[in-house]
Amino acid sequence: KYHILLDTSLLHYIIKNKINFLAVCNIYFFNNYALYITECMLKELTSLKSHNKILIRYIKNSKIRKLKCFHNQSYGDRCLINKIKSTGLFLIATQDSLLIKKTIEFTKAITFKKKKLIII
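This one's a predicted model, so the numbers in the text were calculated from it and none came from an experiment. (Residues numbered from 1 in each chain as written. Predicted model: local features only at pLDDT ≥ 70, side-chain atom pairs only at ≥ 80, totals over all residues. Heavy atoms only, no water.)

A. Focus on the overall build of the protein chain. Counting its regular elements, the protein chain contains 6 helices and 6 strands. Reading the secondary structure of the protein chain in the N-to-C direction produces β-α-α-β-α-α-β-α-β-α-β-β. Computed over C-alpha atoms, the radius of gyration of the protein chain comes to 13 Å, within 12% of the 14 Å expected from 2.2 N^0.38 for 120 residues, which places it in the range of a compact globule. Taken along the three principal axes of its C-alpha coordinates, the protein chain extends 35 × 35 × 25 Å. Scored against the burial criterion, the 120 residues of the protein chain give a buried share of 48%. Partitioning the contacts of the protein chain with sequence separation of at least 6, the portion at a separation of at least 24 is 62%. Accessible surface, the protein chain: about 7,100 Å² in total, of which carbon and sulfur atoms supply 54%. Here the protein chain holds 22 positive side-chain charges and 6 negative ones, and the gap between their average locations is 9 Å. (Helix = DSSP H or I, 4+ residues; strand = E, 2+ residues; numbered from the N terminus. Rg over C-alpha atoms; globule rule 2.2 N^0.38 Å. Buried < 20%, exposed > 50% of the residue type's maximum accessible area, 1.4 Å probe, protein only. Contact = heavy atoms within 4.5 Å. Areas by Shrake-Rupley, 256 points an atom, 1.4 Å probe, with all protein chains shown as cover. Lys, Arg positive; Asp, Glu negative; His and termini not counted. Charge placed at Lys NZ, Arg CZ, Asp CG, Glu CD.)

Spelled out as structure tokens, the structure:
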């Protein structure tokens, strides 16, 4: 089973471009996947103004599971990197090229280029 850890940049991208991410995942991962978002990413979403109501509704209405965070830091990317490094379990789904560079040695990255899913 593929365990996919979502970053807010990817969530913004799929909402902005009206991409049915669950349908894309069903095609690429043959319904053999689980989507996750960390508590700090949810906090990051609620603090942002643009699209946050739509994104939060999308997260609540979809198959995205919430992961607990056990840290005091406010920077969500560090939490994602730590989860990937410590477990070795997750693929990272992001549009953030810097986050991809930081995690590429530990896991594969899922991103979109011109509305097409790419696995790096």
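Structure shown, so let's carry the discussion forward.
B. Representation of the side chain of T38 within the structure. Here T38 shows up in strand 2 (residues 33-38). You can call T38 buried: its relative accessible area is 0%. Among residues more than four places away in sequence, those in contact with T38 are L5, L67, C69, C79, L80 and K83.

C. Expanded view of the environment of D77. Relative to the helices and strands, D77 is located in helix 5 (residues 76-87). For D77, a relative accessible area of 10% translates into the label buried. Each C-alpha atom of the pair D77 and F29 lies 24 Å from the other, and the pair is 48 residues apart in sequence. Those residues in contact with D77 that lie beyond four places of it in its chain are D7, M41, D96 and L99.

D. Layout of the sheet that holds strand 4 (residues 90-93). The mixed open sheet is built from 6 strands, whose spatial order is 3-2-1-4-5-6. Looking at which strands have only one partner, the edges of the open sheet turn out to be strand 3 (64-67) and strand 6 (116-119). Within the sheet, the average angular offset between the axes of one strand and its neighbour, ignoring direction, is 35°. Pairing geometry for strand 2 and strand 3, over 4 bridges, is parallel. Its bridge partner lying in strand 3, L35 is registered against I64. Contacts from helix 5 reach strand 1 (2-6), strand 2, strand 3 and strand 4 within the one sheet, and its direction differs from that of strand 4 by about 155°. (Pairing = 2+ DSSP bridges. Axes fitted to C-alpha atoms, helices over the stretch in contact; angles between N-to-C directions.)

E. Structural view of a nonpolar patch on the surface. Taken together, the side chains of I27, Y28 and I119 make up a nonpolar region of the molecular surface, amounting to roughly 300 Å² of accessible area. Its location among the elements puts I27 in helix 2 (residues 21-29). Owing to a relative accessible area of 59%, I27 belongs among the exposed residues under this scheme. (Patch = residues over 30% accessible without salt bridge, like charges linked within 9 Å, V, L, I, M, F, W, Y side chains within 5 Å. Salt bridge = Lys/Arg side-chain N within 4 Å of Asp/Glu carboxyl O.)

F. Representation of unusual backbone geometry within the structure. Of note in the backbone geometry, K18 takes a positive phi value of approximately 55° without being a glycine. Assignment of secondary structure puts K18 in the loop between helix 1 (8-16) and helix 2. Take K18: its relative accessible area is 76%, and that puts it in the exposed class. At K115, a residue that is not glycine, the phi angle is positive and equals roughly 65°. Following the sequence through the fold, K115 ends up in the loop between strand 5 (109-113) and strand 6.

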